[in-house]
Amino acid sequence: MTEEIDAGMVARRIAEDGDLSEPAPGRNEVGAARRRKEDARLVTGRTRWTDNIQLPGMLYVAFVRSPMAHARVTRVDTSAARAMPGVVAALSGADLAGEQGSLPCAWPVTEDIVLPDHPPMAVEEVRYAGEAVACVIATDRYKAADALEAVEVDYEPLPAVLDMVKALEEGSPKVHEAGNRSYVWKFGTGDVDAAFRDAPVVIERTYVQQRLIPSAMEPRAVVAETDGDFFTLHSSTQIPHILRIMLAQVTGIPEHKLRVVAPDVGGGFGSKLQVTAEEVILLLLARRLGKPVKWTESRSEGNLTVHHGRDQIQRLALAADADGRLRGLRVDLLADMGAYLMLVTPGIPILGAFMYNGIYKMDAYDFTCTGVFTTKMPTDAYRGAGRPEATFAIERLMDELADELSLDPVDLRRRNWIGHEEFPYTTVANLTYDSGNYEAATDRALAVFGYDKLRAEQADRRERGEPVQLGIGVSTYTEMCGLAPSRVLGSLSYGAGGWEHASVRMLPTGKVEVVTGTSPHGQGHETAWSQIVADALSVPFDDVSVIHGDTSSSHKGMDTYGSRSLVVGGIAVVQACDKVKEKARHIAAHMLEASPDDVEFAGGTFRVRGTDAAKTIQEVALAAFAAHDLPPGVEASLDSEATFDPENFSYPHGTHLCAVEVDTETGATRIREYVAVDDVGNVVNPMIVEGQVHGGIAQGVAQALFEEAVYDAEGNLLTTTMADYLLPSAADLPEFTTDRTETPATSNPLGVKGVGEAGTIASTPAVVNAIVDALRPFGVKDVPMPCTPERVWRAVHGGGS
Amino acid sequence: MIPASFDYVRPASLEEAVAALDGAGEEAKVLSGGQSLLPLLRMRLSYPSVLVDVGRLEELRGIRDEGGHLAIGAAATHDEVVRSPLVNAECPLVALATATVADPAVRHRGTFGGSLAHADPAGDLPAVAVALDMEFVIRSSSGERIVAARDFFVDYLETALAPGEIITEIRVPKLGDGWGFHYEKFHRTAQAWATVGVAAAVRVSTQGGRHIEEARVGLTNMGSTPVRATEVEAAVRGAELNGQAGTNGSGGGGSVNGHPRSQEGAAPGNGNGAGSAPHGGPGPRGALRQASELAAEGTSPPTDLHGGPGYRRHLARVLTYRALGTAARSALGG
């Protein structure tokens, strides 16, 4: 079933007219473009961002960071710093060596993986510029910053290891004693040699996924406190639950004596899916000093030490028949781990391993990933985590194949994609896509985009040899969302499961509290969960509040990443609501002196079928609280909880089309049209979906055109400020035209698929494909990312090289 | 990002400001809008002993018509300059370039004199200052002196200002009738500094065929100081115009710096369309293009993440061609 809606227009109308935010009378909350109930406090800052927290006697921490990529630390002298005004303590890595442990990696992807020790503060050796070597604790942050300059550190330089290919060569300087190869992970299905043998067409390409710096609006911040027995850590984190477990294991503080709070968190994009050195050290400092301590990073400190994203070299080969039918795909990745393996560092490229075939059918597939150590900041999850890389690779290859065969890139895709009648379909990567309709999304995108007209304009510009050429980029993507079936994670050697938890309680006055194990940091869970509960229990949207992010109130959960919250956490909420209703039905039946089988629930009221005898759910809640006369075996209060573990991933898909004008004289590019038709299944809140798609596209466009973390030949990060690490603003982006098709997921009762990463995954290849398409007459077959004006100009200048 | 500690004074008058600077020695810094200085302090790239805040001195604000020139107060904000009817009427190039500085928030705080005193060759105003031969009125305890723009910019972030000196106003000569203007800024994002920028003023005559009588060209970010492209100015004098010159990437002629535009096969042909003169050949557009080819002469552009010297030289040529063309069209009223 596919329903067509002009999603962008609906969302714009809602934004302009507040009344439209409410569903029409009698209509469901789910599907209404509710304005987000959390936004007033978030955008006014009248909330608890971690850095807003002030505690009596609080001390402030600042870190001395290595100015060298690789060096032996021969001396750290903190005595002068300790004598500075306001300084309470100054500690080196050696001072904490006995208690700081090693930062955890929860995803050792192979049995023989090299998993080096990772002290939160370097003791003997630094392995990336920015690694903490000492810290200063002072009575205010200004005194702490001044005292940093008084800490003396002697370094004995060691060779930097910056290039992944060279790092794997015999005789390369080593990042760790065990060598620069962390692991080799292989996967494959079918007979790939047969697929390539005698293949009429083989496209071989090497693409570079540049290193990116996640740039959440709120910098990282940590506050730690203790009463001498019990510890509380506030952190701007995506993962309070996982963090609590990991911190207990690293520091030895018993888990039941440790509470972790993620207050309101201003964005993460994966960068706050981490157990950071600073979180561990602040906890240790609170224990050592007995005072609350706070650390908030500066943006430059963040660019150096927030875990980075992507950084892969993709060596690819695609075999096809002469008519364009795909035969097989070989993927050989080098993935830059950076200097250490952090929480899920090794697993990020593996998350992409199942997605390189995209939406296409083929006979055989072979995937190898080599994890490589370098003397750079470790990499880890960044919006899309493995899937953007995979999607970029296959969507770029499809355009290259189309060019090779002189086929229209959309036609080539049609010849290869899974037909809507073929679902459920088990792919060459052994995933079973439950549903989808690539034809519908693509046809809609082509119509909205005006594909034929733009192709005609392109031909005209080519014909006339205009300096500004037009290119059209196609990206038909899918992704795996809803991390994740626990059994699948187990088979991939991941350290935890992928379930999610929710509890729902109706209070004596009929209001509802939802406790979720998801940990929103911008996604709007408070609004979306309220809509789900409002429908499930027939209560007003405003009568629902959502509690999250504090391990003392939300006692179990797996947190938020991988577009999992709605698809896993939202389903847990639905199931908890079902249990609450069932309990209420029994109580109502008892109150109405009827059999539960004769009581039906509709419009917020339990009614004995065929009679006027009825109780509202609020009346039932009060009775359940009073507990004066409950049926036998029924416990007081109206609440329940549920844990959901998905059977399968969900598979959003869509078609993104991008038209780019390329000034061949300067290399400047301008996105003229961008059309995104996404199929994320059923939609709980179209405005939230719209926001996720817009932000996602912006982030993907940013990889295509603007962002790159650059280290110099000595391993110093050059992009430490926003002047050097370019993030686009609204002024640099076009109007996005968004639309949707809705093919419900069959794997969950809401029919939802997840939308947090779709835009980022789809947009990067759409933009680069458009630029290359514009320049094909010049013999250009690739422009490395980011496609800066200079690189575009050089591609024009140098032709295909 | 926390600056090292410094003293701060906010004098109530220019006289007090000069006295404060005089007593503070070499490590004093004048603080005006703070949009360039504060980032340097926060990154601990500058360690002033004292900041003398002149941002609120009314004496340093305002824009006056002095007959032959406009006098722009050193502490006039960029936004005031952009919105000034006087500047727009008499020295439009100043308004055009200032409107491209950073973003609205910066333009509301940052000041005209502060930006020039910062002397960042990537800033937009220094190139305009040298193109228009602006003059800097400079005050110290020993009196007032006037420094021409060509002598003011000494090196990267370095000016003719001596310790104890402060800019009070900037004089912008009025060029008179018949001029057209354009500031062509090439940057990667809206808020980014210019990779290269070209400030152009062109006087066009319609006597005996439309041609350029005089041109002023200043280059942004093509060296450690703003560059006056004097060779272009000399070469373009007398260039005839046919009304289509230098259209932004749509009517421009010629090849791109050796790129084989007319190669066989599918490559797009010459940007002029069929029958037009190729780059460097005879004809009116050739003259403008040929003059623009001199834009990078004598420059030493920097290397950074946004471009190397070769690319910047190329951009200077292309952008000069476009800026001259647009300025010429504007002189012709189109």
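Residues numbered from 1 in each chain as written. Chains lettered and ligands numbered in written order. Predicted model: local features only at pLDDT ≥ 70, side-chain atom pairs only at ≥ 80, totals over all residues. Heavy atoms only, no water.

### Looking at the overall build of chain B
Tallying secondary structure elements over chain B gives twelve helices and 14 strands in all. Looking at the 334 residues of chain B, the share that counts as buried comes to 53%. Counted over contacts in chain B with a minimum sequence separation of 6, partners at least 24 positions apart contribute 63%. For chain B, the accessible surface area stands at approximately 13,400 Å², while carbon and sulfur atoms represent 47% of it. (Helix = DSSP H or I, 4+ residues; strand = E, 2+ residues; numbered from the N terminus. Buried < 20%, exposed > 50% of the residue type's maximum accessible area, 1.4 Å probe, protein only. Contact = heavy atoms within 4.5 Å. Areas by Shrake-Rupley, 256 points an atom, 1.4 Å probe, with all protein chains shown as cover.)

### Overview of the packing of aromatic side chains
Residue and element names in this part refer to chain A. A full pass over the atoms with the stated rule returns 20 aromatic pairs over all chains. Seen from their ring centres, W107 and Y494 are 5.1 Å apart, and the 65° between their planes marks the pair as edge-to-face. Linking W107 in the loop between α4 (93–96) and β5 (125–126) with Y494 in the loop between α16 (486–491) and β20 (500–506), this pair joins segments that are 387 residues apart in sequence. There is no split in this pair, since W107 and Y494 are both buried. (Phe/Tyr/Trp six-rings, centres within 6.5 Å; stacked < 30°, edge-to-face > 60°.)

### Observations concerning the side chain of A:T551
Residue and element names in this part refer to chain A. The topology assignment puts T551 in the loop between β22 (544–547) and α18 (565–591). In terms of polar contacts, T551 uses its side chain to reach the backbone amide nitrogen of V260, at 2.9 Å. Residues in contact with T551, not counting those within four places in the same chain, are P240, H241, R244, L258, R259 and V260. (Polar contact = N/O pair within 3.5 Å; in protein donor to acceptor, adjacent residues only side chain to side chain.)

### Some points on the interface of chain A and chain B
Chain A puts 42 residues into the contact, and the matching count from chain B is 42 residues. In total, about 3,100 Å² of surface goes out of reach between chain A and chain B, with carbon and sulfur atoms giving 59% of it. Put simply, chain A and chain B have five salt bridges between them. At the junction of chain A with chain B, the criterion picks out 14 residue pairs in polar contact (both at pLDDT 80 or more). For the side of chain A that touches chain B, the elements supplying multiple residues, two or more each, are α5 (141–148), α15 (451–464), β19 (468–478) and α22 (789–798) of chain A. Per-element accounting of the side of chain A that touches chain B gives the leading share, six residues, to α22(A). For the side of chain A that touches chain B, the class distribution of residues is 20 nonpolar, eleven polar and eleven charged. (Buried area = accessible area lost by both parts, 1.4 Å probe. Salt bridge = Lys/Arg side-chain N within 4 Å of Asp/Glu carboxyl O. Nonpolar A, V, L, I, M, F, W, Y, C, P; charged D, E, K, R; others polar.)

### Section: the confidence of the model for chain B
Here chain B averages 88 in pLDDT, while 87% of its residues score no lower than 70. The model gives residues 244–284 of chain B a pLDDT under 50, and that stretch makes 91 contacts with residues more than four places away or in other chains. (pLDDT = per-residue confidence, 0-100.)

### Regarding unusual backbone geometry
Residue and element names in this part refer to chain A. Cis geometry marks the peptide bond from F423 to P424, where omega comes out at -10°. One can find P424 in the loop between α13 (409–416) and β17 (425–426). Here the bond from M785 into P786 is cis, since omega is -10°, no more than 30 degrees from zero. Within the fold, P786 resides in the loop between α21 (758–775) and α22. For D198, which is not a glycine, the phi torsion comes out positive at approximately 60°.

### Re the pattern of salt bridges
Applying the stated criterion across every chain yields a total of 84 salt bridges over all chains. When the shortest N-O distance is used, the salt bridge between A:E400 and A:R776 registers 2.7 Å. With A:E400 in helix α12 (residues 387–405) and A:R776 in the loop between α21 and α22, this residue pair connects regions lying 376 residues apart in the sequence. Classification of A:E400 as buried rests on a relative accessible area of 1%. B:R322 is paired through a salt bridge with A:D663; the nearest N and O atoms lie 2.8 Å apart.

### Some points on the domain arrangement of chain A
All names here are of chain A. What the domain assignment reports for chain A is domain 1 (50–158 + 220–296), domain 2 (309–483 + 648–798) and domain 3 (499–644). One C-alpha centre belongs to domain 1, the other to domain 2; they are set 37 Å apart. In this complex, domain 1 contributes 29 residues to the contact, which on the side of domain 2 involves 24 residues. Between domain 1 and domain 2, roughly 2,200 Å² of surface is buried when both sides are summed, and carbon and sulfur atoms account for 71% of that area. At the boundary of domain 1 and domain 2, one finds zero salt bridges. Here domain 1 and domain 2 share six residue pairs in polar contact (both at pLDDT 80 or more) between them. When grouped by side-chain class, the residues that make up the side of domain 1 that touches domain 2 number 20 nonpolar, five polar and four charged. (Domains from an automatic or database assignment.)

### A few points about the side chain of B:R289
Mapped onto the elements, B:R289 comes out in helix α11 (residues 284–292). When its relative accessible area of 4% is taken as the criterion, B:R289 is described as buried.

### Observations concerning the sheet that holds strand β1 (residues 7–9) of chain B
Residues and elements named next belong to chain B. Reading across from one edge, β1-β3-β2 is the order of the three strands in this open sheet, with parallel pairing throughout. At either margin of the open sheet sits one strand with a lone partner, and together these are β1 and β2 (28–31). The average angle at which neighbouring strand axes cross in this sheet is 25°, direction not considered. Note: β1 against strand β3 (residues 50–53), three bridges, orientation parallel. Bridge pairing in β3 links Y8 to L51. Relative to the sheet, helix α1 (residues 14–24) contacts β1, β2 and β3, its axis offset from that of β3 by approximately 170°. (Pairing = 2+ DSSP bridges. Axes fitted to C-alpha atoms, helices over the stretch in contact; angles between N-to-C directions.)

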